[in-house]
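Spelled out from the first residue to the last, the chains are:
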Amino acid sequence: MAVCSLQGTWHLSNEGNRREIRDVEMSIPGDNVSALVSAGFVKEPYYAFNEKELQWVGREDWSFCRDFAYRKQPGTRAFLCMEMVDTVFTVFINGKEAGSGSNFFRSWRFDVTDLLADGQNSVHVLIRSPERCAEERSKTLPYPVPYTKYDVYSPHRNLLRKVQCQAGWDWGPCLMVSGIYGDIHIETVRRGMISAVLVDTVPVCEQDFSGTWKASVTVRYEAIEPCDMLFSLELSGKDLQLSQNRKQRLLAGENEFRADFEVPHPALWQSADELKEAGRKENELYTLRISAFTFMDAKTEEEADSVAVKEIAFRTLSLHAEPDEDGCSLYYELNGRPVFAKGANWIPVDALPSRWTEGRYRYLLEACVAANMNTVRAWGGGLYETDCFYHLCDLLGIIVWQDCAFACSLYPATDDFLADVEREIEDNVRRLQSHPSLAVWCGNNENLGALTWYEESRQNRDRYIVDYDRLNHGAVEKTVRRCDPNRTWWPSSPCAGPGTFGDNWHNDSEGDMHFWSVWHGREDMEAYTAIKPRFVSEFGFESFPSMEGIREFAPETHTNLTDPVMEYHQRSPSGNSIILENISRYFRYPSTTEQFVYLSQLQQALAVKTAVAYWRSLRPHCMGATYWQLNDVWPVTSWSSLEYSGKWKLLHYAAKRFFA
């Protein structure tokens, strides 16, 4: 196997009429808005009202081009492999079409053997305007598919398989970026490639977690033509070195085989709490390496036709829902022990994908551990996160609740849309299944409740319930269960449990609950103690960022709380008035902006502390409190405990105590 990386310097041009931009140097992985900012064509979108001036970017087509050298090898096939391409694209090699796609969440592989020249080549990725593509799709629908709109938004975002919050949210900007944010390379092989490696671990003797464990490895291989292959499987780690070889007769297309390892007394994967108790910072991970060789090749690393490497761990981890006399419980169980979920909701690291750096991921996740959290919920309006995110969660012992990428909307249930979603789920479940931190696949965020939010769905209830069922249970659930049958499936958040279609915003007796009476309902903090929930996966209270955070988006003369710039960086309807109303409820009214900022953060910390301290006292009746939200995608007034810069708000300091 040979890999020709196409990351590095590319050139960006637009195909629109607003403003001509030609051959702007940019880095891939990267996005068009970040490139325009770096080149000085546009202003920093997070400052003042600059976001408004960048709405045209999402309404134009963009070209990403570069040249590269490639050496052809007789008897091989070459594949262009692409990840996180945003969103509707066509790719050309040396001016000829190599492939196309329209789903940001999928991985792409195109056979480009016959398009490549021996020597210099060019690659050109044309990405169409996401806003115009969504508008075009809306006109082909047999009936409207409604979605939630925000102060600044891009219409019909629910018709595109793109990060949903990029179209605007009640804490985020509308920046409909385009680009390539993952790996892009040409892979040259002789017989084919390993397309997926799935791993399940279980103790050989049930509930004997200190004894021998079995690691069941499933290898999927895509063969170009019928052939014989030798697979070398190696499992290594602390005081462990196991290997085995498997000869396989393969058919053209997808093939699958399974191999088992028995591992005596492995180091078990532990939660962040357990690591701290043991005086450790990170988990012991084991390396699984699979190499594919033709029978004629010498067994050397250099001559492997395809190689896949996974880091795994030994543990049992699930989300339990069990009927009881009070309703239905909900809790994590790790290696036979129930775990109270202490954590926060995770949104994308930044509104601009070029700023999704490993350093930012590590800082945010280490801040979770520093505040005594043991879990995060990867929210459905974002993405199936980068490999870096899950790897860090594996190391740090952070349990992940993963929403599938649907949020706060109704969605189409056309045959084409459902087929595309099935492939999206397949790609991501197979990519992420081996991560020990991943506990649960959840179908969506609040789409069940959204059935009652719109006039169209209230007037045509059955039509939209059928569409919801076809998408969430017919496509998403069935694909998850087929690709990852041993991991917990949870239909929606909030949800009373499998097989239910009830609104769980106000039901505290079963399943997970989103409790927003104290913010959106404008009730006082004491309302947190009026419920006895089983697991609260969303609740929260807003605050202003610090004065340093405010100065990231507001000039010194525009920091008055009623200034238009301050109000523009508050996306929750009536948000500032709710903050001020509660300050007057609990404190003497301040006289300066600095005092308002401080008291807003103080009351945010007090509100969330009131909830968590009470709900933790209800254990084991209540077994989870994950507040909204951990981080910000830009400098803004929001529910976060970490400002956009990473600075801790008072809430994060308080969390270190109330999650201790």
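Preceding block: the structure.
The structure displayed is predicted, hence computed values, not measured ones.

So what about empty space enclosed by the protein? Which residues, and what values?
If you walk through the whole model with that rule in mind, you get 3 cavities of 30 Å³ or more. Lining the largest cavity are 14 residues, with Leu410, Tyr411, Asp467, Tyr468 and Leu471 sitting closest to its centre. In terms of residues, the lining of the largest cavity owes the most to one element, helix α9 (residues 461–483), which gives 5 residues. Classifying every residue of the lining of the largest cavity gives 8 nonpolar, 5 polar and 1 charged. Of the voids in this model, the second largest cavity is the one considered here, and its volume is about 80 Å³. Surrounding the second largest cavity, Val163, Cys165, Gln166, Gly172, Pro173, Leu175, Pro348, Asp350, Ala351, Trp356 and Val633 form its lining.

Any chance you could break down helix α6 (residues 415–432) for me, citing the residues and the numbers?
The terminal C-alpha atoms of α6, which comprises 18 residues, lie 26 Å apart, in line with the 26 Å expected from a rise of 1.5 Å per residue. All buried positions along α6 are accounted for by Phe417, Leu418, Asp420, Val421, Glu424, Ile425, Glu426, Asn428, Val429, Arg430 and Leu432. Considering only its buried residues, α6 is in contact with β14 (192–203), β15 (212–223), β20 (306–312), α5 (387–396), β29 (438–442) and α9.

Give a detailed account of the sheet that holds strand β10 (residues 107–111), specifying residues and quantitative values.
The antiparallel open sheet is built from 4 strands, whose spatial order is β1-β13-β6-β10. The two strands at the open ends of the sheet, each matched to only one other strand, are β1 (2–5) and β10. Between one strand and the next, the sheet's axes are offset by a mean angle of 25°, whatever the strand orientation. Sheet analysis places β1 next to strand β13 (residues 184–189), joined by 4 bridges and oriented antiparallel. By the bridge assignment for β13, Val3 is matched with Glu187.

Talk me through the layout of surface pockets; I want residue IDs and the actual numbers.
Taken as a whole, the second largest pocket spans an internal volume of roughly 740 Å³. Mapped by element, the contributors of at least two residues to the lining of the second largest pocket are β14, β15, β18 (253–264), β21 (317–320) and α9. It is β14 that provides the largest number of residues to the lining of the second largest pocket, a total of 6 residues. Per-class residue counts for the lining of the second largest pocket are 11 nonpolar, 12 polar and 11 charged.

Now, about the environment of Gly497: what can you tell me, with residues and values included?
Tracing the backbone through its elements, the reader meets Gly497 in the loop between β30 (488–490) and β31 (513–514). In this structure Gly497 comes out as buried when scored by relative accessible area, which is 3%. Linking Gly497 and Arg355, residues 142 residues apart in sequence, is a C-alpha distance of 37 Å. When sequence neighbours within four positions are dropped, the list of residues in contact with Gly497 reads Trp490 and Pro491.

Mind laying out the nonpolar core, listing which residues take part and the relevant values?
Counting 153 residues, the largest nonpolar core has Trp10, Leu80, Met82, Val125, Tyr384, Phe539 and Trp615 as the members making the most contacts within it. Looking at this core, the element that brings in the most residues is helix α13 (residues 593–617), giving 9 residues. Residues contacting Trp10, with those up to four places away along its chain left out, are Val24, Glu25, Met26, Ile28, Phe64, Cys65, Arg66, Val123, Val125, Ile180 and Ile184. Ranked by size, the runner-up nonpolar core spans 28 residues in total, among them Phe209, Ala215, Ala223 and Ile312.

Tell me what's going on with the packing of aromatic side chains, and back it up with residues and numbers.
One pass over the full model with this rule turns up 44 aromatic pairs. When the ring of Phe515 is compared with that of Tyr528, the centres are 5.9 Å apart and the planes differ by 55°; the resulting orientation is tilted. Taken together, the residues span a long stretch of sequence, with Phe515 in the loop between β31 and β32 (536–538) and Tyr528 in the loop between β31 and β32 at a distance of 13 residues. Accessibility expressed as a relative area gives 5% for Phe515, which makes it buried. Judged by centre distance (4.9 Å) and plane angle (55°), the ring pair of Trp648 and Tyr653 falls under tilted. On the basis of relative accessible area, Trp648 is assigned to the buried category, the value being 19%. A connected cluster of aromatic rings, assembled from ring pairs, spans Phe104, Phe105, Tyr181, Trp356 and Tyr384. Stacked on the ring of Tyr568, the Lys or Arg Arg571 has its end atom at 4.5 Å from the ring centre. In this structure, Arg619 packs its charged tip against the face of Phe340, placed 5.9 Å from the ring centre.

About the cut-offs
The residue count restarts for each chain, going from 1 along the sequence in the order it is written. In view of the model being predicted, local features appear only for residues whose pLDDT reaches at least 70, and side-chain atom pairs are presented and counted only at 80 or more, with totals across whole chains, interfaces and linings using the full set of residues. The basis for every side-chain value is the complete set of heavy atoms in the structure, and neither hydrogens nor water enter the calculation. A cavity here means a set of points on a 1 Å grid, drawn over the protein atoms and nothing else, where a 1.4 Å probe fits but cannot get out; a pocket is an open set with protein on both sides within 12 Å along at least five of seven lines, and a residue lines either one if it has an atom within 4 Å of a point. Grid points are joined across faces, edges and corners, and a volume is the space filled by probe spheres set on the points. Each helix corresponds to a stretch of at least 4 residues labelled H or I by DSSP, and each strand to a stretch of at least 2 residues labelled E; elements are numbered beginning at the N terminus. Under the scheme applied, nonpolar residues are Ala, Val, Leu, Ile, Met, Phe, Trp, Tyr, Cys and Pro; charged residues are Asp, Glu, Lys and Arg; polar residues are all the others, including Gly. Each residue after the first adds 1.5 Å to the expected span of a helix. In this scheme, a residue with accessible area under 20% of its type's maximum is buried, one over 50% is exposed, and one in between is partly exposed, where area comes from a 1.4 Å probe on protein chains only. When checking whether two residues touch, look at their non-hydrogen atoms; a contact exists if any pair is within 4.5 Å. Paired strands, as defined in this entry, are two strands with at least two bridges between them according to DSSP. All axes here are fitted lines through C-alpha atoms, helices being fitted over the stretch that makes contact, and every angle between N-to-C directions spans 0 to 180 degrees. Residue types Ala, Val, Leu, Ile, Met, Phe, Trp, Tyr and Cys, when buried and joined through side-chain atoms within 4.5 Å, form a set referred to as a nonpolar core. We call Phe, Tyr and Trp rings a pair once their centres come within 6.5 Å, taking the six-membered ring for Trp, and we label the pair stacked below 30 degrees between planes, edge-to-face above 60, and tilted otherwise. Whether a charge sits over a ring comes down to the Lys NZ or Arg CZ being within 6 Å of the ring centre and within 35 degrees of the ring normal.

Coordinates in, geometry out; function isn't part of it.
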